[in-house]
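# Per-entry structural report
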Amino acid sequence: MQITRDTLKPFQLRAAGELSQMLATYPGPPFKRQFDQDTGEPLPFLCRLRAITGSGKTPMLALCASNLGNAIVLWTTNRGAVISQTLANLSAGGNYASLLPENTQIYELSEMTTGDWNDVCTAKTGLTIILSTVALFNRDGDVLNIHKERGDTTYWQMLAGDGLEGRSRDLYIVYDEAHGGTKAQFSRLTELKPRAFLLASASELPEGLSNLLPGRNSEEKSEALQKQTVVVPTSEVVEAGLLKTRLYLVDCNTTRLDALREANNKWIELSKKLQIISEQPIICFVVNSTIAGLEVWDSLVQNLRVDPGRIAVHLANVDKAMLEANPNAPWTQLIDTHKAKKSPEALRQDGYTHLIWNLSLREGWDEPWAYVAYLDGTGKSLTDISQKIGRFLRQPNAQPFDDGDLNSAYFYFNVPDEDFANVVQNTQAELANQGYEIISIEGTSNRPNTSRESSLKHPVSVPKVAEFFGEDLDVLDQILINNVPLFATEDLKAPGRVSTRVIDMRRNEEDGSLRKEERREDNAEISVWDYLIGRLSAIDARVARKNGTCFTSFVKDHPRLKQKMQAGSPAMAMLNFSLSTIIKQLNDEFRLEYEPDQVYQVKPFNLVSPDLQTDDNNKRERYRVRKYTNALHEEYNGLNPFEVKLADVLDELGLEWCRNPSKIGYSIPIPEIGEGTVNFYPDFLLWSKKSLWAIDPKGSHLMNDAIRTKLMGVSDVEDLPIKIRIAFLVEGEYVTGTDNRPKYLGKQGYSLIFKQSTGVKVKPSLSLATLISDLIK
């Protein structure tokens, strides 16, 4: 369908107009030109269209491009399917061709000849659009010879405007689906010296672009990005009829076959409604592996009697997977559309209504007639479910039907009951795009006024400790076994249950009036072992890692753990209740030990926005660079007032000390499962004659007795070359209470919490220096 300016939606015209105005205004106020600190050359202007999939980003970008005047637009993405769609839509006769100026030249970079390159770069007037995936710009494996020397130049240099054969018009780079871009890709594209980057995405700014934004710290850059972003509210897209208005999220605590039946029945229901206009809906089955996809195909054909001629199996290595699949399935009827190299867009045109996919679904495919999705796999990633949903939002013909069921999308999956609410929340977060975005600048640049390093005076290493469950893994096995009885048969059973929750896209809120729960005769089974490991690893990933679990490889075959139970059964309810006991008993075995094969090397300290010039006194003080005599680094910044006081006291001791950066500095594992964090990063390290003190002035771990006690237990770790001791420092007066916990008395002074041979001690004082001096005696 041809799209013209007259048929564009009001929000599309507004967004394209605001982008065009932004590009025309730059570098005038309120936008500031940025310069490369090394070469002095101007950096590209960064602007962004933030809009949900299905809002019509391509016509908005095309209309914006039409206002650029005499220019070259390099239109790129990391997704080949997006480039194919865009080429078809922008070329003569395409859906969006009328939005571009007459005689606009459209090229696919991979098809450009030497003559094309010369014509594009020598032309002084008109609009030229070159489409390509970013992969084609790689120097390694330069399949198109873009970087190949051609006399005194290359195609890349010509596009960058270098030399006598360089381009004569401004270059703009449009990056669609920009959230998939990498730091290296944007760095390479910057070599082309474009006037501007125009990014289109519903997601946050990709890594590596903060240097293009004005501002000397994260807050200022975030404010600049907000000014340079045009936001299309999702609610406006829905109201305009471009997106489906409701999302039905259906959690199937049933067998896979029953879940497939639920999804296929919905497809049948929608098919009957669409017969009146001679259309067919699409149902997708998204799987994690090819073998799972073949199992789904087998169920559709043999159990649900779906015509195999309607099923497109778009999976890799189908022939190989068939060797492991059901030998009695009618595999000769299977249609391998992946092997046949059919494009995802062609599948509906070829009459397929049931599509079996894996990760290839993410490659830019969004089909308006796709109404139903079955997401295979019990306990599937909640984030993965929410991201997949975005591919089913587009409304057919961008026009709502009178029947509300045809303005909705339906998703069937199986997640633990306690996670269903999170699926709803994650989906709402994926749909929202109006939030204020925080730009991280740490470690992204070494340029003046952004960050610089405070060098290390001399090399220093710190011994590492690691978490440890003990040598006897049988003890851990026994914890599981002892907490799992042999259940009565009836306690392992439960009727199936299908729970439905609905998101109203217009408000991005759940419609509570449509929430429902239905019973089914059959239910999915899961072994006690798989269930417990899934729940425990969700609580703390250290229980189950890629190389195995903290248990022996044999315990899963114990009769108690091999029991099969159904979702919602009394057995599952009892195990949920027992989880806290299991975690407590595992924590009793969790401890720290010396890791002789690893050491931490203290690194140069990164000064972020050193001596920041701002009217905000708090920010000016925080980023002020302070010099120290006895620290391992000559200077630090980023300290709050309490930390400044402590740093001054440490420096007066005459002992070596350093500021320890969070997340990238020295860490001590927290030997406690389920606390939401696995490592403790003390703010300061102090070397005394007998010990290395890890000092934390925030006291953030004080409220949990188990964490405090276990962390302080690091001083009991044997064989360390230097004893490591932990001290918590807080403002205010505390004493040891009757329950052996710090008890608050008042605001005056400071208090130190540390471990002595007799146990944990709380020591208050009006003098910070006195407390620290007593610590190292």
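Residues numbered from 1 in each chain as written. Predicted model: local features only at pLDDT ≥ 70, side-chain atom pairs only at ≥ 80, totals over all residues. Heavy atoms only, no water.

### So, empty space enclosed by the protein
Scanning the model with the defined rule gives 2 cavities of 30 Å³ or more in all. Roughly 50 Å³ of internal volume is contained in the largest cavity. As for the largest cavity, its lining consists of Leu23, Leu61, Cys64, Ala65, Leu68, Tyr172, Val174, Ala196 and Leu198. If you list the elements that add at least two residues to the lining of the largest cavity, you get α2 (57-66), β5 (170-176) and β6 (196-201). (1 Å grid on protein atoms, 1.4 Å probe; cavity = no way out; pocket = protein on both sides within 12 Å on 5 of 7 lines; lining within 4 Å. Points joined across faces, edges and corners; volume = space filled by probe spheres on them. Helix = DSSP H or I, 4+ residues; strand = E, 2+ residues; numbered from the N terminus.)

### Here we look at the packing of aromatic side chains
Counted under the stated rule, the structure contains 21 aromatic pairs. Judged by centre distance (5.6 Å) and plane angle (90°), the ring pair of Phe392 and Phe411 falls under edge-to-face. Of this pair, Phe392 sits in the loop between α13 (382-389) and β13 (408-414) while Phe411 sits in strand β13; the two residues are 19 residues apart in sequence, bridging distant segments of the chain. Of the two residues, Phe392 and Phe411, both sit in the buried class. The ring of Phe684 has Arg659 lying over it, and the distance from NZ or CZ to the ring centre is 5.3 Å. (Phe/Tyr/Trp six-rings, centres within 6.5 Å; stacked < 30°, edge-to-face > 60°. Buried < 20%, exposed > 50% of the residue type's maximum accessible area, 1.4 Å probe, protein only. Lys NZ or Arg CZ within 6 Å of the ring centre and 35° of its normal.)

### Re the pairing of strand β31 (residues 691-696)
Burial runs high along β31: 6 of the 6 residues are buried. When strand β30 (residues 684-687) meets β31, the two strands line up antiparallel, connected through 4 bridges. By the bridge assignment for β31, Leu686 is matched with Trp693. The antiparallel pairing of β30 with β31 creates a hairpin that spans 3 residues between the two strands. Two elements, β31 and strand β32 (residues 723-736), share 6 bridges in a ladder whose sense is parallel. The partner of Ile695 across the bridge, within β32, is Ala727. (Pairing = 2+ DSSP bridges.)

### Describing the sheet that holds strand β4 (residues 127-133)
The parallel open sheet is built from 7 strands, whose spatial order is β3-β4-β2-β5-β6-β1-β7. A single partner strand is all that each edge strand has here, and the edge strands are β3 (105-108) and β7 (229-231). Put simply, the sheet's adjacent strands are angled 15° from each other on average, direction ignored. Strand direction decides the pairing type here: strand β1 (residues 45-50) and β6, joined by 6 bridges, are parallel. (Axes fitted to C-alpha atoms, helices over the stretch in contact; angles between N-to-C directions.)

### Quick word on the environment of Arg33
Here Arg33 lies in the loop between α1 (10-25) and β1. The class for Arg33 is partly exposed, based on a relative accessible area of 36%.

### Considerations on the sheet that holds β31
Strands sit in the order β27-β30-β31-β32-β33-β34 across an open sheet of 6 strands; the sheet is mixed. Either end of the sheet is taken by a strand with one partner, and the two such strands are β27 (657-659) and β34 (759-765). Going across the sheet, the axis of each strand differs from the next one's by a mean of 25°, ignoring polarity. Here helix α21 (residues 768-775) sits on the sheet in contact with β31, β32, β33 (742-756) and β34, set at roughly 10° to β33. (Contact = heavy atoms within 4.5 Å.)

### Observations regarding the pattern of salt bridges
All chains considered together, the criterion is met by 34 salt bridges. Between Arg626 and Glu621 there is a salt bridge; the shortest N-O distance is 3.2 Å. According to the relative accessible area criterion, Arg626 is buried, its value standing at 12%. The class of Glu621 is partly exposed, set by a relative accessible area of 30%. What you see here is one network of salt bridges that share partners, running through Glu262, Lys516, Glu518 and Arg520. (Salt bridge = Lys/Arg side-chain N within 4 Å of Asp/Glu carboxyl O.)

### Observations regarding helix α15 (residues 473-482)
By the burial criterion, the buried members of α15 are Leu476, Asp477, Ile479, Leu480 and Ile481. Against α16 (528-539) and α17 (570-589) lie the buried residues of α15. Two or three places before Asp474, at the opening of α15, Asp472 has a side-chain oxygen 3.1 Å from that residue's backbone nitrogen. (Polar contact = N/O pair within 3.5 Å; in protein donor to acceptor, adjacent residues only side chain to side chain.)

### Notes on unusual backbone geometry
Going from Tyr26 to Pro27, the amide bond is cis rather than trans, its omega being 5°. In this structure, Pro27 sits in the loop between α1 and β1. Backbone torsion omega between Pro29 and Pro30 reads 10°, so that peptide bond is classified as cis. Its place among the elements puts Pro30 in the loop between α1 and β1. Phi at Lys193 is positive, roughly 55°, even though this residue is not glycine.

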